[in-house]
Number of protein chains: 2
Amino acid sequence: MSPLPTGATIGILGGGQLGRMLSVAASRLGFKTVIFEPGGDCPASHVANFHLQASYDDEDALRRFARSVDVITYEFENIPTSALDLLDSLKPIHPNREALRVSQDRLTEKTFLTDLGFATAPFADVPDAAALDAALATIGAPAILKTRRFGYDGKGQARLQSAGDATQALADMKGAPSILEGFVDFSKEISVIAARSQDGQVAAFDPGENVHEGGILRTTTVPADVPARLMTDAVLLAGRILNALDYVGVMGVELFVTPTGLIVNEIAPRVHNSGHWTQNGCLVDQFEQHIRAVAGWPLANGERHADIVMENLIGDDMDRLPALMADPAVALHLYGKAEVKPGRKMGHVNRLVKS
Amino acid sequence: MSPLPTGATIGILGGGQLGRMLSVAASRLGFKTVIFEPGGDCPASHVANFHLQASYDDEDALRRFARSVDVITYEFENIPTSALDLLDSLKPIHPNREALRVSQDRLTEKTFLTDLGFATAPFADVPDAAALDAALATIGAPAILKTRRFGYDGKGQARLQSAGDATQALADMKGAPSILEGFVDFSKEISVIAARSQDGQVAAFDPGENVHEGGILRTTTVPADVPARLMTDAVLLAGRILNALDYVGVMGVELFVTPTGLIVNEIAPRVHNSGHWTQNGCLVDQFEQHIRAVAGWPLANGERHADIVMENLIGDDMDRLPALMADPAVALHLYGKAEVKPGRKMGHVNRLVKS
């Protein structure tokens, strides 16, 4: 449990923008990073000591990766299980396998949350068409069919306005195991970025209020405009999840605010888009907080010193760059992605709001 | 004069901690960096897209470096002139050659400053022993003999308590062209970190108050405890220096506060140790401000949102790391240097001070 010495090397699975910002945070603490990522010229590789470009089924590369690092973390939860099995036998991985197992599968995740006593959207396992009919009879429509695994940013989802959409929705899943989720009557979505250290210390940043468009996070506003009691509930709830998983690192917990209280939407066992505001709102941001936990360091205090609106720059939003670079209230965070594509997260801005 | 597009590559001469933090700042704006540095495993290489490890007299390497980047900047002013001549013919270099020429040589620098009408310490050119005798007769003792070039952190300096120390002091210069500087009766040293953009916009961060130990910066405190009038004088003075040099980038201007007003100690044509507090005190820090200027972007506003004491971690100060990593008021910035040596800057901390 002694802290990893500065100068040690942290391995990061995944080379996207989250890996990029984790690598920068690691550098602030004097750590080197090695990025494992199949794609070339990935965002994280621009700010890493080494980019090991290989496939997740390349056992030799995985072994070299493990040998070259002192501890392993990741920027996304959909890492192939076989790669994790191998790496786990060679070097410590944080957050742990249980956190990944729970969050990789929507059915496991929702079962875990309800077992802990938290409210979730109504859900049912949908292994086949008969199960979908039964689930619709219980949950009702409208509802949403989602693949149990590998969904993100609204992908792998189909809405059912009525039971008549069942056949098409099931076809959209392309045979993947799925769950049906009922709609929740919520007024807002908020999220908590919480962290847990190797010795069980828990810290949380102030909850932010999220707005999505087309299934992709558009903005996060801090502080969230919700009653103080709900803010406290949200943070305590996140802490209970972290403790239940013996979690080490940062987790994003998405919550719906409803007339009857908070409903847990989903958990992400990693730094989270809705926590990017911490880069300009806190002394230590979510990325460094994650690195501190993974490295066995004490957590930083998550106190917020500014009101901020984080806005994602998606696709053509990059056309606004000339105005944004001249805006004195804006901090830019661009990901160095070579090509602009519709729906692609190219960067984000943190805008200071004078309170 | 159109801004360098995000995704472009910035070349940085020098791979120390300043290059490291410049590289991180460049990444926030989506730029890649290539570091030119003779040493291996240098701090900047840990967070750069590429480290070109070669000597400054390797013309082929310098040409490859220039070809691989869109614009060139540097983290230190003592770059060999022959390397600059070659690079300057191949790619834009910011800050410009004139700024380097002036700041590389203490005699040229002081002459430039007095020509602008600013006060400096009394000084005299010391090409030989006879000139030193003449200089001592005019300036008096105690005084300090300094090499005209290649001095930093108190290196290349000898104090003369009396004229009797002249022979030894001159011997300490090892034949290097030198100047004699008189002592200044100052109450404080402050510094201004100022920036100028390609279209002549000037911005400055709040002046900080510096304390040195053994010739090395120990702490910088913002705000400096000096009258508001002197703060304004300091910023205006820095702006005049930048304009006079048609400067592009960030400059550090060290000033002595004396009973008769400000005296310019020295200028550094680069990001500056006394500006590290901006990393945790401003929306955009000195490193990003420099990158913005070099890339032809508009400058950010330098507004300060916190009172901060920056403290360098030098040599054995690293033994304090366990306490510092647990201090909730401290932001750590470690440089990833493999070996702790006496007098070596290993990192710094920015400590929030509740005002």
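Refer to the structure above for everything that follows.
Definitions and limits used
- Residues numbered from 1 in each chain as written.
- Chains lettered and ligands numbered in written order.
- Predicted model: local features only at pLDDT ≥ 70, side-chain atom pairs only at ≥ 80, totals over all residues.
- Heavy atoms only, no water.
- Buried < 20%, exposed > 50% of the residue type's maximum accessible area, 1.4 Å probe, protein only.
- Helix = DSSP H or I, 4+ residues; strand = E, 2+ residues; numbered from the N terminus.
- Pairing = 2+ DSSP bridges.
- Expected span 1.5 Å × (residues − 1).
- Least-squares fit on C-alpha atoms with pLDDT ≥ 70 in both.
- Contact = heavy atoms within 4.5 Å.

Participant: Looking at this structure, how should I read the pairing of strand β8 (residues 178-182) of chain A?
Facilitator: Working note: regular strand, side chains alternate between the two faces of the sheet. Residues and elements named next belong to chain A. Most of β8 is tucked away: five of the five residues are buried. Every second residue of β8 is oriented toward a common face, with Ser178, Leu180 and Gly182 on one face and Ile179 and Glu181 on the other, all of them buried. By the bridge criterion, four bridges tie strand β5 (residues 123-126) to β8 in an arrangement that is antiparallel. Looking at the pairing, Phe123 lines up with Glu181 of β8. Of the strand pairs in this sheet, strand β6 (residues 143-147) and β8 are connected by five bridges, and their pairing is antiparallel. In the sheet register, Leu145 faces β8, and the bridge partner there is Leu180.

Participant: So what exactly am I meant to see when it comes to helix α1 (residues 17-28) of chain A here?
Facilitator: Two residues of an α-helix separated by three or four positions point the same way, owing to the 3.6 residues in each turn. Residues and elements named next belong to chain A. Here α1 contains 12 residues, and its C-alpha end-to-end distance of 17 Å stays within 8% of the 16 Å for a straight helix at 1.5 Å per residue. By the burial criterion, the buried members of α1 are Gln17, Leu18, Gly19, Arg20, Met21, Leu22, Ser23, Val24, Ala25, Ala26 and Ser27. Trailing α1 by a residue or two, Gly30 shows a phi angle of about 85°, which is positive.

Participant: Looking at this model, I keep getting lost on the relation of the copies chain A and chain B. Mind explaining?
Facilitator: Two copies of the chain are present, and they differ by a rotation about an axis and a shift along that axis. For the pair chain A and chain B, the relating rotation is 180°, the translation along its axis is 0.0 Å, and the fit reaches an RMSD of 0.0 Å. Taken together, the rotation angle and the small translation identify this as a two-fold axis. Considering only C-alpha atoms, the residue of chain A closest to the rotation axis is A:Val47, which sits at 2.0 Å. Most of the interface of chain A is mirrored in chain B, where 100% of its interface residues again form contacts.

Everything listed here is a matter of geometry and, on its own, says nothing about what the molecule does.
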